[in-house]
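Chain and residue survey
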Amino acid sequence: NFSGMMLSLSSSSAAAGFPTSEQLFMMQLAATLFPTSDFKHNVTVPMIHLIAHFLTTCPIRGGRDVFAANFLCRILLFSIQESKRYIPELTGFITELILVGVGQDNSTTLP
């Protein structure tokens, strides 16, 4: 069930890494089935916060993590499309991914 999955994801530590493929598809399904433009929805708002938490706390260790993180970014972009929300974690993650891609240290600050 979806609420059980959300509880298990939120209780797991960032050291465990990004969600599994099954969990990613469940989040995509929830973003598709439930209204994401509602600012107080009982399913989608906690899911958006959980995805933002994953993007800021989980380290990128390999190709699977890049795939999972990009999938989470896609879910976030789909979710904020109607409501026109700004999610700073998304911007920060994309910046970090670009820095990792060009081989710079993550502690490097952009001008």
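This is a predicted model, so every value here is computed, not measured. (Residues numbered from 1 in each chain as written. Predicted model: local features only at pLDDT ≥ 70, side-chain atom pairs only at ≥ 80, totals over all residues. Heavy atoms only, no water.)

**A short note on the overall build of the chain**
The number of helices and strands found in the chain is five helices and zero strands. When the helices and strands of the chain are placed in sequence order, the string is α-α-α-α-α. Of the roughly 6600 Å² that the chain leaves accessible, carbon and sulfur atoms contribute 61%. (Helix = DSSP H or I, 4+ residues; strand = E, 2+ residues; numbered from the N terminus. Areas by Shrake-Rupley, 256 points an atom, 1.4 Å probe, with all protein chains shown as cover.)

**A short note on the confidence of the model for the chain**
Per-residue confidence for the chain averages 76 on the pLDDT scale, and 74% of its residues sit at or above 70. Within the chain, no element has a lower average pLDDT than helix α1 (residues 2–11), which sits at 62, and none a higher one than helix α4 (residues 63–80), at 87. (pLDDT = per-residue confidence, 0-100.)

**Remarks on α4**
In this model, α4 (18 residues) spans 26 Å end to end at C-alpha, consistent with the 26 Å of a helix rising 1.5 Å per residue. Listed in full, the buried residues belonging to α4 are D65, A68, A69, F71, L72, C73, I75, L76, S79 and I80. For α4, the elements touching its buried residues are α2 (21–33), α3 (44–57) and α5 (88–102). (Expected span 1.5 Å × (residues − 1). Buried < 20%, exposed > 50% of the residue type's maximum accessible area, 1.4 Å probe, protein only. Contact = heavy atoms within 4.5 Å.)

**Remarks on a nonpolar patch on the surface**
Taken together, the side chains of L29, L33 and F34 present a nonpolar region at the surface, about 280 Å² in accessible area. Relative accessible area serves as the criterion here: at 32%, F34 is assigned to the partly exposed category. (Patch = residues over 30% accessible without salt bridge, like charges linked within 9 Å, V, L, I, M, F, W, Y side chains within 5 Å. Salt bridge = Lys/Arg side-chain N within 4 Å of Asp/Glu carboxyl O.)

**Observations concerning the packing of α2 against α4**
Between α2 and α4, whose axes approach to 10 Å, the crossing angle comes to 10 degrees. One finds that α2 runs roughly parallel with respect to α4. Seen from α2, the contacting residues are S21, L24, F25, M27, Q28, A31 and T32; seen from α4, they are R64, A68, F71, L72, R74, I75, F78 and S79. Partitioned by chemical class, the residues of the contact of α2 with α4 number nine nonpolar, four polar and two charged. (Axes fitted to C-alpha atoms, helices over the stretch in contact; angles between N-to-C directions. Parallel < 35°, antiparallel > 145°, perpendicular 65-115°, else oblique. Nonpolar A, V, L, I, M, F, W, Y, C, P; charged D, E, K, R; others polar.)

**Side note on the environment of L33**
Among the structural elements, L33 can be located in helix α2. Separated by eleven residues in the primary sequence, L33 and T44 have C-alpha atoms spaced 9.6 Å apart.

**Digging into the packing of α2 against α3**
Closest axis-to-axis distance for the α2/α3 pair is 10 Å, and the angle between their directions is 140 degrees. When the interaxial angle is binned, α2 and α3 end up oblique. Where α2 crosses over α3, the two elements pack in a sense that is left-handed. Of the residues in α3, those touching α2 at M27, A30 and A31 are T44, M47 and I51. Across the contact of α2 with α3, the residue classes break down as five nonpolar, one polar and no charged. (Left-handed = near helix turned anticlockwise from the far one by under 90°.)

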